[in-house]
Structure formats: C-alpha cells, structure tokens
Amino acid sequence: MTKIIMNGCNGKMGQVITRLISEDSECEIVAGFDVNDTVENTYPVYSNPDEFTGDADVIIVVSHASALTSMGRCWKKRKLPVSVA
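Computed from a predicted model, the values in this text were never measured in an experiment.

Student: Just to check I follow, could you spell out the pairing of strand β4 (residues 58-61) for this structure?
Tutor: Look at any regular strand and the pattern is simple: side chains alternate between the two faces of the sheet. Of the two faces of β4, the one carrying Val58 and Ile60 and the one carrying Ile59 and Val61 are both buried. Relative to β4, strand β1 (residues 2-7) runs parallel, the two being bridged by four bridges. Paired with Ile5 across the bridge in β4 is Ile59. Of the pairings in the sheet, the one linking β4 to strand β5 (residues 82-84) comprises three bridges and is parallel in character. Across the sheet, Val61 pairs through a bridge with Val84, a residue of β5.

So, in structure tokens, the structure goes:
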C-alpha cells in the first residue's frame, strides 16, 4: 500500500485526486495539508505540515506556488519523493 500526503487537498484538484485515490486499492492518503479547513475528508488535514508525525511514501503537491517553500522543508526533512502539479 502506497501512503500519500496530499498538499492542497481541499482545493478542486486535490478533491479530484482524493476521489481517484479512494477508488484505488493500492494507495491511500494518510494526511492532507491545506489552509482551507472547511472540507471533510476521510483522512486528517493539517494547516501546518510539521503537525503530521506519521509515515508516508510520497507527497503530491497541488497547491498554490506560495506553499512550495514550506512544503520543500517538509519533503526535505522526510526525504520523500514529490509530485508537483
């Protein structure tokens, strides 16, 4: 099972990817990062990436370019591969 962190999970593209991953038995989103906390998800969503202490295999970034600085620190610290869209 591939464990995914979704940055920008509550935006339009993040919600599309969330739906697609929910239909895939080989992947799961273990955490989301977003400043918008008005969307309900099946996984925990954090406004600060440092709050998530679990494990993951990859980070998918579908957020505004302004989030790349804080996300860069996150994936560098975790040593995870990243997909930026």
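Student: Which parts of the structure should I look at to understand the pairing of strand β2 (residues 27-33)?
Tutor: Burial runs high along β2: five of the seven residues are buried. Looking at chain direction, β1 and β2 are connected through six bridges and run parallel. Of the residues in β2, the one forming a bridge with Thr2 is Cys27. In this fold, the crossover linking β1 to β2 by way of helix α1 (residues 12-22) has right-handed handedness. The pairing of β2 with strand β3 (residues 45-46) spans two bridges and is parallel. Residue pairing in the sheet places Phe33 in a bridge with Tyr46 of β3.

Student: Before we go on, may I ask you to explain the sheet that holds β4 in this structure?
Tutor: The strands making up a sheet are joined through hydrogen bonds of the backbone, oriented either antiparallel or parallel. Spatial strand order, β3-β2-β1-β4-β5: five strands in an open sheet with parallel pairing. Only two strands of the sheet have a single neighbouring strand rather than two, namely β3 and β5.

Student: Please explain the side chain of Thr18 as it appears in this structure.
Tutor: Checked against the element boundaries, Thr18 lands in helix α1. With relative accessibility at 13%, the residue Thr18 sits in the buried group. In terms of polar contacts, Thr18 uses its side chain to reach the side chain of Tyr43, at 2.7 Å. Look past the residues within four positions of Thr18 in its chain and what remains in contact with it is Cys9, Ile29, Asn41 and Tyr43.

Here is what the cut-offs are and how they apply
Residue numbers restart at each chain and count upward from 1, following the sequence in its written direction. For a predicted model such as this one, the threshold for reporting local features is a pLDDT of at least 70, and the threshold for listing and counting side-chain atom pairs is 80 or more; totals across whole chains, interfaces and linings nevertheless cover every residue. For the side-chain quantities, the full set of heavy atoms in the structure was used; hydrogens and water were omitted. Relative accessibility thresholds used throughout: buried, under 20% of the residue-type maximum; exposed, over 50%; partly exposed, between the two (1.4 Å probe, protein chains only). Each helix is a run of DSSP H or I of at least 4 residues and each strand a run of E of at least 2, with the numbering of both proceeding from the N terminus. Strand pairing follows a simple DSSP-based rule, namely that at least 2 bridges must link the two strands. Here is how to tell: hold the view so the strands point away, follow the path from the first strand over the helix to the second, and if it runs clockwise the crossover is right-handed. Think of a polar contact as two N or O atoms within 3.5 Å of one another; within protein, one of them needs to be a possible hydrogen donor and the other a possible acceptor, and neighboring residues in sequence only count if both atoms come from side chains. Whether two residues touch is decided by their heavy atoms; if any such pair falls within 4.5 Å, the residues are in contact.

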